[in-house]
Amino acid sequence: MGTYLARRLLLMIPTLLGITLITFVVIHMAPGDPVTVAMGGEVQQGSMSAEAIEHFRKEMHLDDPLLVQYGRWIGRILTLDFGTSWRTGRPVLEQIAERLPVTMGLGAAALFFVYLAGLPLGILSAVKQGSLRDRVTTVGLFVLYSLPSFWIGTLAILYLGGGKYWDVIPVQGLRSPDHDELSGLSQVADVLWHAVTPVVLLGYASLASVSRYMRTGMLEVIRQDYIRTARAKGLSERVVVYKHALRNSLIPILSHLGLMVPFLIGGSVIVERLFGIPGMGQLMFQSILARDYSLIMGISTVTAVITMFGILATDLLYAVVDPRISYGGKK
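As the structure is a computational prediction, the values presented were derived from the model and not from experiment.

K.L.:
Sorry if this is basic, but what is going on with the nonpolar core here?
P.N.:
For soluble globular proteins, nonpolar side chains are generally found buried alongside one another. The biggest cluster of nonpolar side chains holds 25 residues, and the ones touching the most others in it are Trp73, Ile96 and Ile299. For this core, the elements supplying multiple residues, two or more each, are α1 (2-29), α4 (66-77), α5 (92-127), α10 (237-275), α11 (280-289) and α12 (293-321). Counting residues per element, this core draws most heavily on α12, at 7 residues. With sequence-adjacent residues up to four places away left out, isoleucine 96 is seen in contact with Met280, Leu283, Gly298, Ile299 and Val302. Formed by 21 residues, the second largest nonpolar core is a distinct cluster that contains Tyr115, Met214, Leu219 and Ala245.

K.L.:
Is there a simple way to think about the pattern of salt bridges in this case?
P.N.:
Any two side chains of opposite charge can pair, given that their charged atoms come close. In the structure shown here, the tally under the stated rule is 7 salt bridges. Its salt-bridge partner being glutamate 94, residue arginine 90 comes within 2.7 Å of it at the nearest N-O pair. With relative accessibility at 38%, the residue glutamate 94 sits in the partly exposed group. Residue arginine 231 pairs with glutamate 237 through a salt bridge whose shortest N-O separation is 2.7 Å. Members of the salt-bridge network, linked through shared partners, are Arg90, Glu94 and Glu98.

Thresholds, definitions, all that
Residues numbered from 1 in each chain as written. Predicted model: local features only at pLDDT ≥ 70, side-chain atom pairs only at ≥ 80, totals over all residues. Heavy atoms only, no water. Core = buried A, V, L, I, M, F, W, Y, C linked by side-chain atoms within 4.5 Å. Buried < 20%, exposed > 50% of the residue type's maximum accessible area, 1.4 Å probe, protein only. Helix = DSSP H or I, 4+ residues; strand = E, 2+ residues; numbered from the N terminus. Contact = heavy atoms within 4.5 Å. Salt bridge = Lys/Arg side-chain N within 4 Å of Asp/Glu carboxyl O.

What follows is the structure, encoded as structure tokens:
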């Protein structure tokens, strides 16, 4: 296990280099002049002197070749120096540390929601394969999967958030204006109430895919000989499904877990923007608009590291779910 873990950790280094290099090249080749964007909020376009623009470019090393700029950025990252934001003038790492807990909290809550609802739906669809319940669930989940979150979020805000129709959900931030005046339990309830809609929006598409993976995995397992043997012994269907079939059916779900981490973090950009949530997704959106290269690279790097560790944790969980899988090598 130790050798396997060390090898996986070493493989993360070239993977991270590849991700950051591609991100660096893409954001520097994107249309839009970062100097104009960075200084345009304070200075009217055309009023800046050529000397001021040139000074800014030299200060930010924007005239250097891309590989030289990337090499300089890598050198700083090795000392955990993510640079300073052009837009705010604050250290990148400090801003990410402020926003990351919000995004991770939303992502964890969305994962909990996805598995809490998706696994039972998948099991019921597999056990009742071909029934009306199975067909209705399948159609409903495919419809959910096909609906973009920004569209559903906009409809929720319009119809349920106090627009022309009902006012039943909070649509801005994670706290009420009088949050600080509430008691401890009321503050917790206030945050949970504000988080319900963003969490559902963040997770409903993954709910559909997890349910389908669970259904497929369960169908494959309940057709195995040992399941027929368990039924032949007279065991109840509940014991057969939840004691003998469920554990082996979870392996495809675990592989899907690693893929959901980047999906949830990427989805937070839209959800946090729609609901004004001060998380890393909203910070990424603002940094892209401002062509804030240091902040974009910092958020991308942190996201890539979280994703790679999420995938590694998923692979290690295989051995927990299925004892036949071992990472210790042959003895």
